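Each chain, written out:
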Amino acid sequence: MKKYRLITWTILLFGVLFFSACEKDVVPDVDKQDILPENFKVDIPNALSYQKSLLKGAMIDTLKGNDVYGHLGTFIWVGESAADIVEDIIHSIRHYHINRPMSFSFVSDDDVRIKNTTVIAESSYDGVNWEFEMTITDSESEGNVDGGKAIQIFWNRSPMKGVALLKPYNIDRNETEHPDAMFRVDYSEAGEHGYDAEMLVYVSDLDVADPLEDPYSMSSLKMFAGRKGNIVDVYGNSDHPNAVLIAGNAGFTWSFVASGDNITDLGVAELGLPPGNLDEPSRNILLGYYAIKKVITRELYEVWPDIDQESIDAYLYNASAPGYFDSYGFVSGGTAPSSGYQDIEARLDYLSPYNPKEITNLDIQFK
């Protein structure tokens, strides 16, 4: 299990569902197995999901590897953390032994507000029919435009497949840093794309920080993760409207494809920095023309038109694609440190980020 200091709004969410019940309409048979999903996420190798990377073998006057690739692990970590929250909610609510449609209320230990829970059978969402739906609302907010909805989970049991929608502000009203933030996690073990398990994580409406304090502040994210055996493929984009590099051009979507091994804890990734308003789905554009090394090269020439190629090559020594990672973070760029990366590197050509404009305009709504 990863042990990192979580950003404030995430820390509160992980502890939010250790509740005390105040009212329950149905008292089920506690000996029967509950109907809640057992799993709702794909574990991503530590080499690709972390908050802080360590650079090994840094060179003077060279763009450090974690300056180029280091943010990748943080952005993937944010997506994985959203899925962690869903699983934590499911596991915490499990002690109510939900084995049939029912409704009950409880008082949250965090904001000391009444939360109402309803579980129904035979629901539909996003054009799909679901076996069950569970909705948790903040009782005092049910008259609001969002209905006070904190969590909605739709799922089928065989094969396991589901969608979870979350609004952190209605989970814990004491947490006001991102009052409009919304999460969505789609999880499936149905093998639609050849994986044993896969998840698609969406994050929208995050409040963007002051660019002087955090120019890489994220507004939205869409990330896919699929596991086949011990191999995990990850791809997606995160939107950073205030992000700048060298020439001061603001607004990038951090676009990435990556593959990792949960056994060896090795990872490999390609990154692109297309502008957030780019309406383009092509992998060749997103990771070719907008490859990080090419973007930085163009910005260097924009600021210093007479810079020589030798200086550029030296500065961008660590920026070549792909980037290679181990459990300590970035290792090198462009050339594999060992043959252990061969299988996962070969997978990258089949992965592609999403259209940047789609991420910039991402909108998540409850049913």
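Look up a bit, the structure's there.
Residues numbered from 1 in each chain as written. Predicted model: local features only at pLDDT ≥ 70, side-chain atom pairs only at ≥ 80, totals over all residues. Heavy atoms only, no water.

A. Quick look at the pattern of salt bridges. Counted under the stated rule, the structure contains 19 salt bridges. Where Glu131 meets Arg157, a salt bridge forms, and the shortest distance between an N and an O atom there is 2.6 Å. Highlighted residues: Glu131 in strand S4 (residues 128-138) and Arg157 in strand S5 (residues 149-157), separated in sequence by 26 residues. Put simply, Arg173 and Asp138 hold a salt bridge, and the shortest N to O gap is 3.8 Å. In this pair, Arg173 sits in the loop between helix H4 (168-171) and strand S7 (182-188) while Asp138 sits in strand S4, placing the two residues 35 residues apart along the sequence. (Salt bridge = Lys/Arg side-chain N within 4 Å of Asp/Glu carboxyl O. Helix = DSSP H or I, 4+ residues; strand = E, 2+ residues; numbered from the N terminus.)

B. Summary view of the side chain of Glu87. Within the secondary structure, Glu87 is located in helix H3 (residues 70-93). No salt bridge is formed by the buried Glu87. Its closest oppositely charged neighbour is Lys41, at 5.6 Å. If we ignore the near neighbours within four places in the chain, the residues touching Glu87 are Glu38, Asn39, Phe40 and Lys41. (Buried < 20%, exposed > 50% of the residue type's maximum accessible area, 1.4 Å probe, protein only. Lys, Arg positive; Asp, Glu negative; His and termini not counted. Contact = heavy atoms within 4.5 Å.)

C. Structural context of the pairing of strand S3 (residues 114-125). In the sheet, strand S2 (residues 102-107) pairs with S3 via six bridges, with the strands oriented antiparallel. Each residue of the ladder has a partner; that of Met102, found in S3, is Val119. Between the antiparallel neighbours S2 and S3 lie six residues, among them Val112 with a positive phi of about 55°. The pairing of S3 with S4 spans ten bridges and is classified as antiparallel. (Pairing = 2+ DSSP bridges.)

D. Representation of the pairing of strand S10 (residues 231-240) within the structure. Counting buried positions along S10 yields ten of ten residues, so the element is predominantly enclosed. With burial as the criterion, each face of S10 is covered, one bearing Ile231, Asp233, Tyr235, Asn237 and Asp239 and the other bearing Val232, Val234, Gly236, Ser238 and His240. Two elements, strand S9 (residues 220-228) and S10, share nine bridges in a ladder whose sense is antiparallel. Bridged to Ala225 within S10 is Val234. Between S9 and S10, which pair antiparallel and follow one another directly, the connecting turn spans two residues, one of which, Gly229, has a positive phi of 65°. In this structure, S10 lies alongside strand S11 (residues 252-261), joined through ten bridges in antiparallel fashion. The residue of S11 that forms the bridge with His240 is Phe252.

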